[in-house]
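An overview of the molecular structure
Here is how the chains run, residue by residue.
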Amino acid sequence: MADNEKMFQVKIITPDRVFYTGEAEMIEFMTSSGQIGVYKKHIPLTTVLAPGAVMIHEEGGEKVAAVHAGFAEVLPDQVTLLAEVAEWASEIDIDRAEAAKQRAEERLQAKAADLDIARAEFALRRALTRIDVKEMK
């Protein structure tokens, strides 16, 4: 039985769907400043999401998803992630992620004059996030 004193609401919303809604004891995710872990009664916070794994610690175990960009709102009794893309490991095509990783690495190594470095690095982070999440499950 869950200890209701420790549980809080978690929502992950993308433009396409309500990706996840439920109760958790803790959630971990990547921000533009680094990884953060949130428990109930956390101080209010709004932050930018960076590509990374989201780990939702529920009563029955842990769920892991890939989130690629967006914003997070942390309140004492609720965490909401507004993400551009969110994927469960089962939704990730590992071959496609490996190909995207290779393309991004090739672009970065080529160092073409017209290369948008930030975009190529972001594509590489997205691909690596997908690969990492797929390997976690």
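Residues numbered from 1 in each chain as written. Predicted model: local features only at pLDDT ≥ 70, side-chain atom pairs only at ≥ 80, totals over all residues. Heavy atoms only, no water.

1. A closer look at the overall build of the protein chain
For the protein chain, the helix and strand inventory stands at 2 helices and 10 strands. Starting at the N terminus and ending at the C terminus, the protein chain contains elements arranged as β-β-β-β-β-β-β-β-β-β-α-α. Within the span of the protein chain, comprising 137 residues, buried residues form 39% of the whole. The long-range fraction of contacts in the protein chain, counting pairs at least 24 apart against all pairs at least 6 apart in sequence, stands at 54%. Of the roughly 8100 Å² that the protein chain leaves accessible, carbon and sulfur atoms contribute 50%. Distance from the positive charge centre (17 side chains) to the negative charge centre (24 side chains) of the protein chain: 3 Å. (Helix = DSSP H or I, 4+ residues; strand = E, 2+ residues; numbered from the N terminus. Buried < 20%, exposed > 50% of the residue type's maximum accessible area, 1.4 Å probe, protein only. Contact = heavy atoms within 4.5 Å. Areas by Shrake-Rupley, 256 points an atom, 1.4 Å probe, with all protein chains shown as cover. Lys, Arg positive; Asp, Glu negative; His and termini not counted. Charge placed at Lys NZ, Arg CZ, Asp CG, Glu CD.)

2. Side note on helix 2 (residues 117-136)
End to end, helix 2 covers 28 Å across 20 residues, agreeing with the expected 28 Å (1.5 Å per residue, within 8%). Along helix 2, the residues classified as buried are Ala120, Ala123, Leu124, Ala127, Thr129, Arg130, Ile131 and Val133. Here the buried face of helix 2 lies against strand 6 (52-58), strand 7 (61-67), strand 10 (86-88) and helix 1 (94-110). (Expected span 1.5 Å × (residues − 1).)

3. Description of helix 1
In this model helix 1 runs 24 Å from its N-terminal to its C-terminal C-alpha over 17 residues, within 8% of the 24 Å that 1.5 Å per residue would give. Those residues of helix 1 that sit buried are Ala97, Ala100 and Ala104. Viewed along the axis of helix 1, the buried residues span an arc of 60 degrees, placing them on a single side of the element. Facing away from the buried side of helix 1, by more than 90 degrees, are the exposed residues Asp95, Gln109 and Ala110. (Arc of directions from axis to C-beta.)

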